[in-house]
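Now for the letters of each chain:
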Amino acid sequence: MNLTLKVWRQKNGQTEGHFETYPARDIIEDMSFLEMLDVVNEGLISSGKDPIAFDSDCREGICGMCSLVINGIPHGGHAGTATCQLHMRRFKDGETITIEPWRAKAFPIIKDVATNRSAFDRIIQAGGFVSVNTGGTPDGNALPISKEVSDRAMDAAACIGCGACVAACKNASAMLFVAAKVSHLNLLPQGEPEKHRRALAMVTQMDKEGFGSCTVTGSCEAVCPKEIKLTFIAKLNRDFGVAALLGK
Amino acid sequence: MALESNIPSGPLAQKWDKHKFELKLVNPANKRKFEVIVVGSGLAGASAAATLGELGYKVKCFCYQDSPRRAHSIAAQGGINAAKNYQNDGDSVHRLFYDTIKGGDFRAREANVHRLAQVSVNIIDQCVAQGVPFAREYGGLLSNRSFGGAQVSRTFYARGQTGQQLLLGAYQALSRQIGMGTVKMYPRTEMVDVVVVDGHAKGIVVRDLVSGEISSHAADAVVLATGGYGNVFFLSTNAKGCNVTSIWRAYKKGAYLANPCYTQIHPTCIPVSGDHQSKLTLMSESLRNDGRVWVPKRKEDCTKAPGSIAEDDRDYYLERKYPSYGNLAPRDISSRAAKEACDSGRGVGPGALGVYLDFSAAIKRLSLNVIRERYGNLFDMYEKITGENAYQVPMRIYPAVHYTMGGSWVDYNLMSSLPGLFVVGEANFSDHGANRLGASALMQGLADGYFVLPYTIGNYFATCKQTRPATSHTEFKKVEEDVRKFTERLLSVKGKRTPTSLHRELGKLLWEKCGMARNEKGLKEALKRIPELREEFWKTVNVTGEAMEFNQALEYAGRVADFMEFGELMCLDALERNESCGGHFREEFQTPDGEAARNDDKYAYVAAWEYQGAGKAPVMHKESLEYSEVHMSTRSYK
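Thresholds, definitions, all that
Residues numbered from 1 in each chain as written. Chains lettered and ligands numbered in written order. Predicted model: local features only at pLDDT ≥ 70, side-chain atom pairs only at ≥ 80, totals over all residues. Heavy atoms only, no water. Helix = DSSP H or I, 4+ residues; strand = E, 2+ residues; numbered from the N terminus. Contact = heavy atoms within 4.5 Å. Areas by Shrake-Rupley, 256 points an atom, 1.4 Å probe, with all protein chains shown as cover. Lys, Arg positive; Asp, Glu negative; His and termini not counted. Charge placed at Lys NZ, Arg CZ, Asp CG, Glu CD. Domains from an automatic or database assignment. Buried area = accessible area lost by both parts, 1.4 Å probe. Salt bridge = Lys/Arg side-chain N within 4 Å of Asp/Glu carboxyl O. Polar contact = N/O pair within 3.5 Å; in protein donor to acceptor, adjacent residues only side chain to side chain. Pairing = 2+ DSSP bridges. Axes fitted to C-alpha atoms, helices over the stretch in contact; angles between N-to-C directions. Core = buried A, V, L, I, M, F, W, Y, C linked by side-chain atoms within 4.5 Å. Buried < 20%, exposed > 50% of the residue type's maximum accessible area, 1.4 Å probe, protein only. Parallel < 35°, antiparallel > 145°, perpendicular 65-115°, else oblique. Nonpolar A, V, L, I, M, F, W, Y, C, P; charged D, E, K, R; others polar.

(A) Representation of the overall build of chain A in the model. Counting its regular elements, chain A contains eight helices and seven strands. Principal-axis analysis of the C-alpha atoms gives chain A an extent of 60 × 35 × 35 Å. Within chain A, contacts between residues separated by at least 24 positions form 70% of all contacts whose residues are at least 6 apart in sequence. Surface accessibility of chain A: about 9600 Å² in total, with carbon and sulfur atoms responsible for 52%. Side chains of chain A carry 27 positive and 28 negative charges; the gap between the two charge centres is 6 Å.

(B) Geometry of the domain arrangement of chain A. Residues and elements named next belong to chain A. We note that the domain assignment places domain 1 (3-111) and domain 2 (118-246) within chain A. A separation of 29 Å is found between the C-alpha centroids of domain 1 and domain 2. Facing the 18 residues of domain 1 at the interface are 19 residues of domain 2. Both sides together, the interface formed by domain 1 and domain 2 hides about 1300 Å², and carbon and sulfur atoms give 67% of it. For the domain 1 face of the interface with domain 2, the top three residues by lost area are Pro74, Ala106 and Phe107, together amounting to 34%. Where domain 1 meets domain 2, there are zero salt bridges. Across the contact surface, domain 1 and domain 2 share two residue pairs in polar contact (both at pLDDT 80 or more).

(C) Broad picture of the sheet that holds strand E5 (residues 96-100) of chain A. All names here are of chain A. Strand order in the open sheet made by the five strands is E2-E1-E5-E3-E4, with mixed pairing throughout. Either end of the sheet is taken by a strand with one partner, and the two such strands are strand E2 (18-24) and strand E4 (73-74). Note that strand E3 (residues 69-70) and E5 share two bridges and pair antiparallel. When the bridges of E5 are listed, Val69 appears paired with Glu100. Contacting strand E1 (3-9), E2, E3 and E5, helix H1 (residues 33-46) runs over the sheet at an angle of about 95° to E2.

(D) Just the nonpolar core, in detail. Phe211(A), Ile80(B), Phe134(B) and Leu421(B) are the most contacted members of the largest nonpolar core, which totals 240 residues. Per element, the largest residue contribution to this core is 14 residues, and it comes from helix H16 (residues 552-576) of chain B. Those residues in contact with Phe211(A), other than ones at most four positions away along the chain, are Ala106(A), Phe107(A), Ala119(A), Phe120(A), Ile123(A), Val166(A), Asn171(A), Ala172(A), Ser173(A), Ala174(A) and Met206(A).

(E) Representation of the sheet that holds strand E6 (residues 189-197) of chain B within the structure. Residues and elements named next belong to chain B. Spatial strand order, E6-E7-E8: three strands in an open sheet with antiparallel pairing. Looking at the sheet topology across the chains shown, the edges are occupied by E6 and strand E8 (214-218). Adjacent strand axes in the sheet meet at a mean angle of 30° when their direction is disregarded. Pairing of strand E7 (residues 200-208) with E8 involves five bridges; the strand directions are antiparallel. Bridge pairing in E8 places Gly203 opposite Ala218. Against the sheet, helix H13 (residues 474-493) touches E6, E7 and E8, its axis set at about 140° to E6.

(F) Up close: the packing of helix H14 (residues 499-514) of chain B against helix H15 (residues 520-540) of chain B. Residues and elements named next belong to chain B. Where H14 meets H15, the closest approach of the two axes is 10 Å, and the angle between their N-to-C directions is 175°. In terms of their interaxial angle, H14 and H15 are classed as roughly antiparallel. Between H14 and H15, the contacting residues are Leu502, Glu505, Leu506, Leu509, Leu510, Lys513 and Cys514 on the first element and Gly522, Leu523, Glu525, Ala526, Arg529, Ile530, Leu533, Glu536, Phe537 and Thr540 on the second.

(G) Summary view of the side chain of Asp301(B). Assignment of secondary structure puts Asp301(B) in the loop between strand E12 (292-296) and strand E13 (314-315). Ignoring sequence-local partners within four residues, the contact set of Asp301(B) consists of Pro296(B), Ile309(B) and Asp313(B).

(H) Local environment of the domain arrangement of chain B. Residue and element names in this part refer to chain B. For chain B, the domain assignment lists domain 1 (30-262 + 405-464) and domain 2 (266-402). The straight-line distance from the C-alpha centre of domain 1 to that of domain 2 is 31 Å. With 26 residues of domain 1 at the contact, the number on the domain 2 side is 28 residues. Together, the buried faces of domain 1 and domain 2 total about 2200 Å²; carbon and sulfur atoms form 49% of this surface. By the criterion of area lost to domain 2, the three top residues of domain 1 are Gln77, Leu235 and Thr237, representing 29% of everything that side buries. Taken together, the connections running from domain 1 to domain 2 amount to 14 residue pairs in polar contact (both at pLDDT 80 or more). Partitioned by chemical class, the residues of the side of domain 1 that touches domain 2 number seven nonpolar, 15 polar and four charged.

(I) Molecular detail of the interface of chain B and chain A. With 74 residues of chain B at the interface, the matching set in chain A holds 75 residues. For the pairing of chain B and chain A, the buried interface totals around 6200 Å² over both sides, and the portion due to carbon and sulfur atoms is 49%. Two residues, Asp66(B) and Arg117(A), come together in a salt bridge whose shortest N-O distance is 3.1 Å. Counting every contact that joins chain B to chain A gives 50 residue pairs in polar contact (both at pLDDT 80 or more). Within the residue set of the side of chain B that touches chain A, elements represented by two or more residues are helix H3 (43-55), helix H5 (110-130), helix H6 (162-180), helix H11 (368-386), helix H12 (441-464) and H14 of chain B. When residues of the side of chain B that touches chain A are assigned to their parent elements, the largest contribution, ten residues, is made by H6(B). Of the residues that constitute the side of chain B that touches chain A, the class distribution is 24 nonpolar, 33 polar and 17 charged.

(J) Layout of unusual backbone geometry. The phi dihedral of Asp112(A) is positive, around 45°, even though this residue is not glycine. Take Asp112(A): it is sitting in the loop between strand E6 (109-111) and strand E7 (114-115). Under the relative-accessibility criterion, Asp112(A) is labelled buried at 2%. We note that Asn88(B) has phi near 55°; this positive angle belongs to a residue other than glycine.

Structural data, given as C-alpha cells:
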C-alpha cells in the first residue's frame, strides 16, 4: 500500500518544529509501524536527508521506549498495543497518517518525535521502591501472599513507563503512571511499611516535574498499551489521602 | 599473558564459601573512596550498581537507552531458575548445577556453574523482598513451572513478563541508590572506549547521545554489563540497540573474548515475514509446556490448513525423537530439529520456514481459560504480529538468534584479562558453556550483579592499591582523540549505502555460514567475504547528520562498524573448533543419527582470543576445562 505521512520535525529542543510530508510507498501489511518508518528513513538517507529521529528498542511492546502520537492518539489507538506492536494491516491504502511526539511540558523534545522522559525516573527515585538492601532477606516462601493480591499487584506492575498516559491527558497528568507503581508496591505486604511515605513522596515529585492535575477523564486508561486500570488512581488517591491525614 | 582462572581449591561445593572468606575486604569507611563505573543497566548492571551503591562505593552507571528501566532484560518472558525445591520434586543445588553443566554440553567452567546454582536460591528471596510479583498458588506460596532441559519444576515466573518484573526490581533498587546519591546515572550515554593506565582499566570515554559530546570518566574499576552480541546477525530477538561495542573495544584494549562462536538459536520465535523485518520476536519457551511441536509427515500436506491434517499424518518430531524430554528438549536440540524438518521440505507457512506449535490438545485437556491465564499475553502478542488467533490455529514458529554464550573471558572473580575490568551477565562467557538452558539468563545476570561481583570487586580494591588517575591524564586525552577521529571518519565517507543495508548483508552471511549449522567450507567463505564487506562499509556507508547532535544514524553506524570486525572473529572461532557442541553445530562432526559429536580429547577448553592489532591474526589462548564432580558424558535427552 501507499501512504502519506505528516511527520513532526524539530532539530532540537531549542528550535521550533513543523510538519513535513513524506510519501511511504510499497508498504506491506505485515510490517510494524516502526518498520514502515525504517523504510521511509532508508529512503531519506539515500536521498541525503536527515532521517526521522524516533525512539524504539525492544520492538516487542515491553521496554516502553517507543512513543508516537499517531493520528492524534498515543500509540495509535488499538487496545493494548504499543507503537512497535502496531502493524500496517491496521491502515488503508492511500491513507494520510499524522505522526507527532508525546506532548507534555515534563517531556521536552530532544529531536523530531523523540522526547526526554527522565521525569518518570525521578518519580521512581523519590519513592517507587521497597527499601531493602541486597542480602539478608527472608526465604521467598516465608511470606505467603494471596493469589488475588499478588495478581492485582502484577496488573499494576505491568506498566512499561512509556508515558502514553501523560501524552493522552489534556492536563498532561502522570497519575496513572504514579498510581501503577504506588499500587504495585502498596498492595503487597513487602511495600506496606513505607506505603504512606511512598505515596506522598511520589506525588510530590510528580507535581515538581510539572505534570498536570488529574480530573479522571480516563483517556490515560484508554491508550495504555498495558491496559492499566483507572481504579489504581482511586487506590493512589486513598493512600495519598490517608498519608496526608496522618501527616506522614 | 597466561590465563589464570583463579578457581579456588577445595571440594566443589565449598569453593565459593571458602573463597568469600579468603577475599580481602574493604573497610566500610574506605569504600566511599573507591569509584566504580558500571556500563549497562540490565539485570546484571542494575543489580551490580545498586548493590555496590548500598555497600558504600561511589558508582556511576551508564546506559544508551533513555532510562535504565528499558534494558533488554525487560523482554525476557518465561522465568528464572532457582534450586528451591519448593515443589518437592527432587531438585537441589547439585541438580541445578548438573543440569546447567550438561545443558551447556560440558563446555562451561564447573566452579562457576556450581556457584551460580548455590546463589540461585538467594536471588528469589531478594526479588520477593523487593516486591517482585511472582506467580503464586492459592495457598499464597510461590508457583513454579518447568523449562527445557530439566525434569523438575524450578522456574519462578511473573506471567509472561518475568524479565520485566525482575528488571523493575533491580531498577527500583538502583533508583533508590540514585535518589540517595550513591549512584549517578547517565542515560542516553554510550561507552565508546575503555581507558587503560599502567595496565589497569581506569575509566571509560563516552558519547552523550543527545549532545554528541565526548567525555571521560575515571574510576578504580570498570564493570561491563552490556549484554550479548546477537545483533551481529542483524535479525535476532535482541532489542534494536543491543551491540558488541563495549566488549569489542575492551577486547582491543586487552580483554580477551571467549568462545564467540557459541550463539544460541532459540527454537520458538515468530517466523520472518519479509525483507522489511527489523527484528524477530520470541515466543517464550514456557509455551512448550503445553504446546506440541509438529510438521506434516508428507510434503504435499504442508500447504493444507493444519486443522485438516489427520493426527496420523502429523509428525510430532520432538516427542518422537526425544521421548523423555519431548517438547521440552533443550534449545539447541529443538532448533536443529526444526531446521531438519524444514530442510526435509516439510516446513509450513511463507517460505516453508516454520513448524507448528499446537495448543489444541492442551485446550481440550485443561480448557481455554487455563491456557489463556497461563499464556494470554503471548497469544495476544502473536496475534498482533501475525494477525492469527493461536487459540484456533496452531502457532507457526521458527528458530532465531536469541542469546550469546560467548563473551569477554573472565576469571572466577568475573575479572577479565584486563585487570580492573570486570564483565558480568550475558556480556561474559562464564556459565552457560556451549548452550544456555531456558530461565538461566535471568539467574546468571542477577547472580553476578547481586551476589558475586560485589564480593569479588572488593578484593581487587583491597589488593591492587592503584591510584585513580584524573581525567586530565594523557591517556584519557589520547582515547578521546581516537574516538573523535573514528566519528569523523564515519561521517566523512558519505557513500551510497545505508548502515542498515550493510548490516543486513553481514547478518545474512553469518546466518547462512555461521548460524544453526556450520561447516569448514562455509566458514572459510565467510572469512573471505567479511573483510571485503568491511572494506565496502568503510567505502560506501552513508552516515547523515553531524557529530555534535542527537544522531541515531551515527550511533548505529558505529555499532555496525564493530559488528563488521567481530563477525570475523566469530567465524574464526567456529572454524577452529573442529567438533560440535551445544549451539555450535559443525556438520562434519555429528553422530550417525544427526546429534552433535563432541571431541573432549581435543576441545574441552575455552577459546580465549587476544587482539594483536589491526590487520593481524588474533592469538588463541586455551583454558582447559577440568571436571572434578561430573563425568563428561554424551548429552542425551532421549
